[in-house]
Structures are given as structure tokens and as C-alpha cells.
Amino acid sequence: MAVLVWVVLCAARDPILVPEVSQHEVALQQGFTGTELLLFGAILTPEGSRAAQDYDIVIVLKGPTQSIVLREKQKVAGIWINADSTELRSAPSYYAIASTRPIKDIVDDKTAAIYELGLKWLQLSPIGAIDPKEQTRFANGLVDLNRRIGLYREEEGGVKVSEQVLYQARIGLPSRVPIGTYTAETFAISKGRVVASASSQVEVRKLGLERAVATFAEDYGFAYGLLAVFVSVGMGWLAGRLFAMR
């Protein structure tokens, strides 16, 4: 009986993750061209010693979610106009995933869908009724667009594990990264099962003149719009006067 209890207890000892991020705050200032985050940590036993077992590590960095309206452009009589459209309830403004191996080799489709492990499994739920084929087409269009501008990315093999205890991954943030609170979630996976997870946060915010302009635009939208019109008209008038003097 004692041997049986010992075997059961040892089998139930799932690891714990101790995650960390190289910087918990990213400041967007004039001249910001992007940055790179180092996400790292350790895989330990509940007692705090090294796990000394092979685990697959998957790291997901996700920006704040938002509802978004997607419009499909269509060329009519030589002019591009808005055609079909749909609204998605909760699309992440930024999404990046790094893993030790390809996701399809780590978990099955059901587990990948539950934890949204990969762009293929993002839960982009539409608002209102829509044909499933149309939903898939719009979702694929959003993913493709954000991949091309660097806001969605997948890096298979991007996580390196050393000595079965330390892991690290580098994930880039482009210059047009949205502001808000980002969640970095780390998963330890063994034999297709998520055995441990942990998360940390990164704050992306604007500083200096950019922050002042963004705050003014958000708090006083109408005044900001009028000011933008006046500035545009003034710049146009000034340019016209300068060219007239030549």
C-alpha cells in the first residue's frame, strides 16, 4: 500500500512555471521603430527544484482584444468600393506565439482550440448571423492582413529550453504596435496535455507628445477633429503662399 501511494503521488507531481519578461513596460515615443521582448523562465517541481523532464513550452503574447469591423473592397467600374462587411466581437490587437516545436506535433486540434494555440485557432466570433464560409473568409483575411504588417506572428522553434529547466523566447513588437495591457502566457505541455501554465503582463503606452495628442483625441474627439481640419487648411494655405512667392 505504501509503495502504491508513493507511485500515485509521484505521478501527480505536475511542474510549476516561473515566467519573467525582460521589460514590463514599453514606451512609445517619437522615433520608436519597434522593440524585442525576451520572455524567459524556469520549469520547476512543486518543491522548487529543477523538473529534469522534457516538456514542450508554448508562449503566447496577446494584446488587448477589441471588436472590429471588416470591410471587403471590390472593384466596380474601375473604382474600389466597400462591398461585404462583418463585425468581429473580440479580435486581439496583437498576437504572437512561439513554441519549441510545431503546434501540430505538440497537441491535438481540440487542445489547440481550447487554449488558442496558433493563428488557426483564434476565436474570432462574429456579431450576428453569418454564413460559416463567409466567417472563415473574413477571419482569414484579418489574420493575413495583420501578419503582413507584423501584428500577428508564429514562430515554431522560437522557444529554446536549456538543461530541462530554463526556457527563453524572443518576440518582436513592430513600430505600429497598439497601446494597452499585453498578456504573456506560458504553457508547459507533456504528451499532448497542458500540465502547467503561468502568465505575466506587459504595458505598452505612449509617452511625451504622442501621449498628449492621443489623450486629447480620446477625451475631446470633436475638438481634435476641428483642430485637424484647421491645421490641414492652414498648411495648405501656407504651402500655396510659399509656391506663389517663387
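Quick caveat: nothing in here was measured; it's all calculated off a predicted structure. (Residues numbered from 1 in each chain as written. Predicted model: local features only at pLDDT ≥ 70, side-chain atom pairs only at ≥ 80, totals over all residues. Heavy atoms only, no water.)

Asks: Explanation requested: the overall build of the protein chain in the structure shown.
Replies: Of the regular secondary structure elements, the protein chain holds 5 helices and 12 strands. Across the 246 residues that make up the protein chain, the buried fraction comes to 34%. When contacts within the protein chain are restricted to residue pairs at least 6 apart in sequence, long-range pairs at least 24 apart make up 67% of them. When the accessible area of the protein chain is evaluated, it comes to approximately 15200 Å², of which 55% is carbon and sulfur surface. (Helix = DSSP H or I, 4+ residues; strand = E, 2+ residues; numbered from the N terminus. Buried < 20%, exposed > 50% of the residue type's maximum accessible area, 1.4 Å probe, protein only. Contact = heavy atoms within 4.5 Å. Areas by Shrake-Rupley, 256 points an atom, 1.4 Å probe, with all protein chains shown as cover.)

Asks: Looking at this model, I keep getting lost on the side chain of T100. Mind explaining?
Replies: Within the element layout of this structure, T100 appears in the loop between β7 (95-99) and α2 (109-115). A distance of 2.6 Å separates a polar atom in the side chain of T100 from a polar atom in the side chain of D56. Leave out the neighbours within four places in its chain, and T100 touches D56, I57, I106, G157, V159 and V161. (Polar contact = N/O pair within 3.5 Å; in protein donor to acceptor, adjacent residues only side chain to side chain.)

Asks: Help me understand a nonpolar patch on the surface, please; the structure alone is not making it clear to me.
Replies: Taken together, the side chains of L227, V231, M235, W237 and L238 make up a nonpolar region of the molecular surface, amounting to roughly 530 Å² of accessible area. Among the secondary structure elements, M235 is positioned in helix α5 (residues 221-244). (Patch = residues over 30% accessible without salt bridge, like charges linked within 9 Å, V, L, I, M, F, W, Y side chains within 5 Å. Salt bridge = Lys/Arg side-chain N within 4 Å of Asp/Glu carboxyl O.)

Asks: Where do I start with the pairing of strand β5 (residues 65-76) in this structure?
Replies: Each regular strand carries side chains that alternate between the two faces of the sheet. Relative to strand β6 (residues 79-92), β5 runs antiparallel, the two sharing 10 bridges. In the strand pairing of β6, I68 is matched with L88. The hairpin turn running from β5 into β6, its antiparallel successor, is 2 residues long, and A77 in that turn takes a positive phi close to 55°. (Pairing = 2+ DSSP bridges.)

Asks: Got a minute to help me understand the pattern of salt bridges in this structure?
Replies: Two side chains carrying opposite charge are able to pair once their charged atoms lie near each other. Applying the stated criterion across every chain yields a total of 8 salt bridges. Notably, a salt bridge pairs K104 with D105, separated by 3.5 Å at the nearest N-O pair. Its relative accessible area of 40% is what places D105 among the partly exposed residues. Two residues, R147 and E154, come together in a salt bridge whose shortest N-O distance is 3.7 Å.

Asks: Which parts of the structure should I look at to understand the confidence of the model for the protein chain?
Replies: Interpretation of the predicted coordinates at a detailed level should be avoided for regions scoring low in pLDDT. Confidence along the protein chain averages 84 in pLDDT terms, with 86% of residues attaining 70 or more. Predicted confidence in the protein chain is weakest over helix α1 (residues 2-11), with a mean pLDDT of 47, and strongest over β7, with 97. A low-confidence stretch, residues 3-12 (pLDDT under 50), is modelled with 0 contacts involving residues beyond four sequence positions or located in other chains. (pLDDT = per-residue confidence, 0-100.)

Asks: It is not clear to me how the sheet that holds strand β3 (residues 35-44) should be interpreted in this structure. Could you clarify?
Replies: What holds strands together in a sheet is hydrogen bonding between their backbones, with the strands either parallel or antiparallel. Read across the sheet, 4 strands follow the order β1-β3-β10-β9 without closing on themselves; strand pairing throughout is antiparallel. Here the strands that pair on one side only, and so sit at the sheet edges, are β1 (16-21) and β9 (159-162). Put simply, the sheet's adjacent strands are angled 20° from each other on average, direction ignored. (Axes fitted to C-alpha atoms, helices over the stretch in contact; angles between N-to-C directions.)

Asks: Could you clarify how one ought to interpret the nonpolar core in this entry?
Replies: Within soluble globular proteins, side chains that are nonpolar tend to cluster in buried spots. With 54 residues, the main nonpolar core has V58, L117 and Y152 as its most contacted residues. For V58, the residues in contact, after removing those within four places along its chain, are I97, A98, S99, I103, I106, L117, E185, T186, F187 and I189. (Core = buried A, V, L, I, M, F, W, Y, C linked by side-chain atoms within 4.5 Å.)

Asks: Whenever I open this one, the environment of V21 confuses me. Can you help?
Replies: By the secondary structure assignment, V21 is in strand β1. Taking the relative accessible area as the measure of exposure, V21 reaches 3% and is therefore buried. Separated by 180 residues in the primary sequence, V21 and Q201 place their C-alpha atoms 8.2 Å from one another. Once you skip the residues sitting within four places of it in the chain, V21 turns out to touch L37, L38, L39, F40, S200 and V202.

Asks: What's the story with unusual backbone geometry in this structure? I'm lost.
Replies: Trans is the common state for peptide bonds, and a negative phi is the common state for residues other than glycine. Of note, E116 is a non-glycine position whose phi angle comes to about 55°, a positive value. Following the sequence through the fold, E116 ends up in the loop between α2 and α3 (132-148). For E116, a relative accessible area of 18% corresponds to the buried category. Of note, the phi angle at Q164 is positive, near 60°, even though the residue is not glycine. Among the secondary structure elements, Q164 is positioned in the loop between β9 and β10 (166-173).

Asks: Could you clarify how one ought to interpret the side chain of N146 in this entry?
Replies: Here N146 shows up in helix α3. Excluding anything up to four places from it in sequence, N146 contacts L151 and Y152.

Asks: Got a minute to help me understand α3 in this structure?
Replies: Given 3.6 residues to a turn, an α-helix orients residues that are three or four positions apart in the same direction. With 17 residues, α3 extends 24 Å between its outermost C-alpha atoms, agreeing within 8% with the 24 Å of an ideal straight helix rising 1.5 Å per residue. Of all the residues in α3, the buried ones are F138, A139, L142, V143 and N146. With its buried residues spanning 135° around the axis, α3 presents them on a single face. The exposed residues of α3 that point more than 90 degrees off its buried face are K133 and R148. Tucked inside the fold, the buried residues of α3 contact β5, β6 and β8 (152-156). Immediately beyond the C-terminal end of α3, within one or two residues, lies G150, with a positive phi of roughly 85°. (Expected span 1.5 Å × (residues − 1). Arc of directions from axis to C-beta.)

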